[in-house]
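# A closer look at the structure
Here is how the chains run, residue by residue.
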Amino acid sequence: MRTFMKYFVFLFIPIFITILWLAGVFHEKIEAKEIKRERKIVTGVVVKPVKVVKEVPVAYTGTIVAGDRAEISTRVMGYVIDVRFKEGDFVRKGQTLFVVDPRNIRAQVNIMKQRIHQAEKNYLAAKANYEAVKKTYERFKKLLKEGAVTQQEFDEVEARFKAAKARLEAAKAEIRVAREAYNSARAQLSYAEVRAPFDGYVISKLVDKGDIARPGMPLAVLERKPYKVEVAFPEKYFGRIKEGDKLEVYVEALKKTYIAKVVEVEPAVNPMTRTFKVKALINSNEVKSGLFAKVFKIEKVEEPTVLIPKSAVFKRWDFTGVWVVDSEGIIKLRLVRLGREYNGYYEVLAGLSPGERIIVEGIEKACDGCKVGG
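Residues numbered from 1 in each chain as written. Predicted model: local features only at pLDDT ≥ 70, side-chain atom pairs only at ≥ 80, totals over all residues. Heavy atoms only, no water.

## Comments concerning unusual backbone geometry
At the junction of K225 and P226, the peptide bond is cis and its omega measures out at 5 degrees in the coordinates. Despite not being glycine, K255 shows a phi value in the positive range, around 55 degrees. By the element assignment, K255 lies in the loop between β13 (246-251) and β14 (256-265). Taking relative accessible area as the criterion, K255 reaches 56% and is therefore assigned exposed. The phi torsion at W317 lies on the positive side, around 55 degrees, for a residue other than glycine. Assignment of secondary structure puts W317 in the loop between β17 (314-316) and β18 (319-325). (Helix = DSSP H or I, 4+ residues; strand = E, 2+ residues; numbered from the N terminus. Buried < 20%, exposed > 50% of the residue type's maximum accessible area, 1.4 Å probe, protein only.)

Here it is, written out as structure tokens:
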């Protein structure tokens, strides 16, 4: 019994007291209630209501083309011995771009020059012979009237006269042919220097020094402004787009929007693609041919469409959302589904309703559950 009491006093009682202490019996009781977390105040953000429209600009794919475009070539064959420009250079009308080896052409020019000299000598000889034969002919003509020579003798002299006259005419013709051949060779020699047909920019150089140039072979591509955007519109717009209309054009590479004036409208619809081409003039020195462009056409929608600026979109991996601000200024991150892009705005297909407010600038400062401060 004494052993039991000893265990009870020194073992069970301390354990029991420890359990009561852990259970909080000896501590002051604190009333249970919700702890209010102090919200972080966010400043430096811009909050605006979402944009709601009943007409949206629909983008169509376009390409920038030059007002004038020329493929430069030569009329002669030979090695390119000099190239006097670089791609992208601005060149003036008449400026020499290429020089083709002219030695063969110069040889032809010299040959034609010698032919002229020879033809002129032949002409002088034919003329001297003609003058001598002509005198004999005129003398025999008088003698025939006087009966001093027979008809046969006169006919022989007349035949020699006609032959001398024919040789003289042939010598004249030979000079003309030689001179024309010489002028042609001289013209070919001028083609050895390939010149710019108009003021413009060289957008492509197709040969280098040492390459062989052939007649009709493109050596360079030259173009000049004004530049145009070419776009194919669906047939539903046929007859509704006319010359003089204005189109909004966004050039992706330059990140700029231009207002273009319609200058050409294809007069028929392509039955294969059900589209027709339109060209609109862009008054800018920044655009260049071949650039991708988006051409916008305003279309009405059945239901109001919510648009948000690109600056309001928060993206993290596969998540796309916006920071929504409620009536009390509390910020919440909300998932949205975006549609087409309209010149700096996205169409919202799901996640936002008309009248809601979002952060459009300073989204990097936003946090979920924070409050927008003054």
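## Quick look at the packing of helix α2 (residues 103-146) against helix α3 (residues 151-190)
Two numbers describe how α2 lies on α3: the axes approach to 7 Å, and their chain directions differ by 160 degrees. Considering the angle they form, α2 stands roughly antiparallel to α3. Classified by chirality, the crossing of α3 by α2 is left-handed. Here the residues of the contact of α2 with α3 sort into 25 nonpolar, six polar and 16 charged. (Axes fitted to C-alpha atoms, helices over the stretch in contact; angles between N-to-C directions. Parallel < 35°, antiparallel > 145°, perpendicular 65-115°, else oblique. Left-handed = near helix turned anticlockwise from the far one by under 90°. Nonpolar A, V, L, I, M, F, W, Y, C, P; charged D, E, K, R; others polar.)

## Focus: a nonpolar patch on the surface
On the surface, F90, Y201 and I203 cluster together to form a nonpolar patch covering roughly 240 Å² of accessible area. Within the secondary structure, Y201 is located in strand β9 (residues 200-205). By relative accessible area, Y201 is classed as partly exposed at 33%. (Patch = residues over 30% accessible without salt bridge, like charges linked within 9 Å, V, L, I, M, F, W, Y side chains within 5 Å. Areas by Shrake-Rupley, 256 points an atom, 1.4 Å probe, with all protein chains shown as cover. Salt bridge = Lys/Arg side-chain N within 4 Å of Asp/Glu carboxyl O.)

## Things to note about the nonpolar core
Of all hydrophobic cores here, the largest spans 27 residues; its most connected members are V229, F233, V249, V278 and I282. If you list the elements that add at least two residues to this core, you get β3 (51-65), β12 (227-234), β13, β14, β15 (275-282) and β16 (292-309). No other element matches the five residues that β3 contributes to this core. In this view, V249 contacts V229, K256, T257, Y258, A260, I282, A293, K294 and V295; residues no more than four positions away in its chain are not counted. Ranked by size, the runner-up nonpolar core spans 20 residues in total, among them A70, V100, V207 and A220. (Core = buried A, V, L, I, M, F, W, Y, C linked by side-chain atoms within 4.5 Å. Contact = heavy atoms within 4.5 Å.)

## A closer look at the sheet that holds strand β6 (residues 90-91)
Strand order in the open sheet formed by four strands is β4-β11-β9-β6, and the pairing between neighbours is antiparallel. Looking at which strands have only one partner, the edges of the open sheet turn out to be β4 (68-72) and β6. The sheet contact formed by β6 and β9 spans two bridges and is antiparallel. By the bridge assignment for β9, V91 is matched with G200. (Pairing = 2+ DSSP bridges.)

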